Amino acid sequence: YLAAGRYRSEADKEALFLARINANGTLDTGYGTDGVATTVLGDAGSIHVAVAPDGTAVTVTRRNKVVLAHRWTSEGEPDTSFSADGVRELPFGELHRLSPSYVTVDSQGRVLAAAMTNAPKGENTRIVRLNPDGSSDDTFGSNGRATVNVDITDWPDVLAVDASDRVLLGLDFEQLSPGDAKYAGRSGVVRLRQNGGYDRKFSNDGLALFRLASGG
């Protein structure tokens, strides 16, 4: 098992940790230093982690106005095949101030991350895909970025890929900006093809909508 989080370092700086835990609940001391890998972040937001089939891990976190992706080897070291220091700044554009960020890894080792960005008339979710070497995957969307624009506010909740490496994005349509919202109070799942386009074979238009009953 791999757990990720933040802590305050001895130098009073915010840092990220990854801890690998054996099936019996003990730390895997062969990972990082005595089972824990760390790096200093500075002022950062929530952390999300995904594990690739080869045992490498990717964490994403927002730092100030950017989202950073760290990739770690299966031994818990910064992965220098991803970048010189194992870190990439993701090209989302202008992030919304409340945006969370999410990450997943597909079967080909490509890294996908999602975050909410400002748009002329609201907030969209943008998905970025990187090749295993950390370069932008220009076969995805436009210059490696696909924008999901369903309603005035497209708030990302979860990001995943299926067995065919199609992208699944869970959304809430909680309205943050003024205007005529189509799906206020509802949630949905968008499925994108491998090239970043809406998958019209999924609920006819690529979007499955649902409404949760109030009170649970």
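Look up a bit, the structure's there.
Quick caveat, the model's predicted, so the values are computed rather than measured. (Residues numbered from 1 in each chain as written. Predicted model: local features only at pLDDT ≥ 70, side-chain atom pairs only at ≥ 80, totals over all residues. Heavy atoms only, no water.)

Caption draft 1: Representation of the overall build of the chain within the structure. Counting secondary structure elements, the chain contains 0 helices and 15 strands. Computed over C-alpha atoms, the radius of gyration of the chain comes to 18 Å, within 12% of the 17 Å expected from 2.2 N^0.38 for 216 residues, which places it in the range of a compact globule. Long-range contacts, defined as pairs at least 24 residues apart, comprise 41% of the intrachain contacts of the chain with a sequence gap of at least 6. Summed over all atoms, the accessible surface of the chain reaches about 10800 Å², with 47% contributed by carbon and sulfur. (Helix = DSSP H or I, 4+ residues; strand = E, 2+ residues; numbered from the N terminus. Rg over C-alpha atoms; globule rule 2.2 N^0.38 Å. Contact = heavy atoms within 4.5 Å. Areas by Shrake-Rupley, 256 points an atom, 1.4 Å probe, with all protein chains shown as cover.)

Caption draft 2: Examining the sheet that holds strand 13 (residues 167-172) more closely. Strands sit in the order 12-13-14-15 across an open sheet of 4 strands; the sheet is antiparallel. If you trace the sheet from one side to the other, it starts and ends with strand 12 (155-161) and strand 15 (207-210), each paired once. For this sheet the average axis-to-axis angle between neighbouring strands, irrespective of direction, equals 20 degrees. (Pairing = 2+ DSSP bridges. Axes fitted to C-alpha atoms, helices over the stretch in contact; angles between N-to-C directions.)

Caption draft 3: View of the pairing of strand 6 (residues 66-72). With 6 of 7 residues buried, strand 6 is to be regarded as a mostly interior element. Across 7 bridges, the pairing between strand 5 (residues 57-63) and strand 6 is antiparallel. Bridged to arginine 62 within strand 6 is valine 67. Linking two consecutive strands that pair antiparallel, namely strand 5 and strand 6, is a turn of 2 residues; a positive phi of about 55 degrees is found at asparagine 64 within it. Pairing of strand 6 with strand 7 (residues 87-90) involves 4 bridges; the strand directions are antiparallel. For valine 67, the partnering residue across the bridge sits in strand 7 and is leucine 90. (Buried < 20%, exposed > 50% of the residue type's maximum accessible area, 1.4 Å probe, protein only.)

Caption draft 4: Broad picture of the sheet that holds strand 8 (residues 101-105). Reading across from one edge, 8-9-10-11 is the order of the 4 strands in this open sheet, with antiparallel pairing throughout. Looking at the sheet topology across the chains shown, the edges are occupied by strand 8 and strand 11 (145-148). Averaged over all adjacent pairs, the angle separating strand axes in this sheet is 25 degrees, with direction ignored. The pairing of strand 10 (residues 122-130) with strand 11 spans 4 bridges and is classified as antiparallel.

Caption draft 5: Examining the environment of alanine 208 more closely. Tracing the chain through its elements places alanine 208 in strand 15. For alanine 208 and methionine 116, which are 92 residues apart along the polypeptide, the C-alpha to C-alpha distance reads 19 Å.

Caption draft 6: Broad picture of the environment of threonine 39. Mapped onto the elements of the fold, threonine 39 is located in strand 3 (residues 36-40). Judged by relative accessible area, threonine 39 falls into the partly exposed class, the value being 24%. Between the alpha carbons of threonine 39 and asparagine 149 there is a distance of 35 Å; along the sequence they are 110 residues apart. With residues near it in sequence (within four places) discarded, threonine 39 still touches Ala15, Leu16, His70 and Trp72.

Caption draft 7: Structural context of the pattern of salt bridges. Under the counting rule described, the total for this entry stands at 10 salt bridges. With a closest N to O distance of 2.8 Å, arginine 129 and aspartate 137 form a salt bridge. For the pair arginine 129 and aspartate 137, a shared accessibility class is recorded, and that class is buried. Beyond isolated ion pairs, a larger network of salt bridges with shared partners links Asp106, Arg110, Arg129, Asp137 and Asp165. (Salt bridge = Lys/Arg side-chain N within 4 Å of Asp/Glu carboxyl O.)

Caption draft 8: Geometry of unusual backbone geometry. Positive phi is not limited to glycine here, since aspartate 165 has a value of about 65 degrees. Structurally, aspartate 165 is set in the loop between strand 12 and strand 13. The exposure class of aspartate 165 is buried, given its relative accessible area of 3%. Phi at asparagine 204 takes a positive value of approximately 70 degrees, unusual for a residue other than glycine. Structurally, asparagine 204 is set in the loop between strand 14 (187-192) and strand 15. Judged by relative accessible area, which is 71%, asparagine 204 ranks as exposed.

These values are about where atoms sit, not about what they do.
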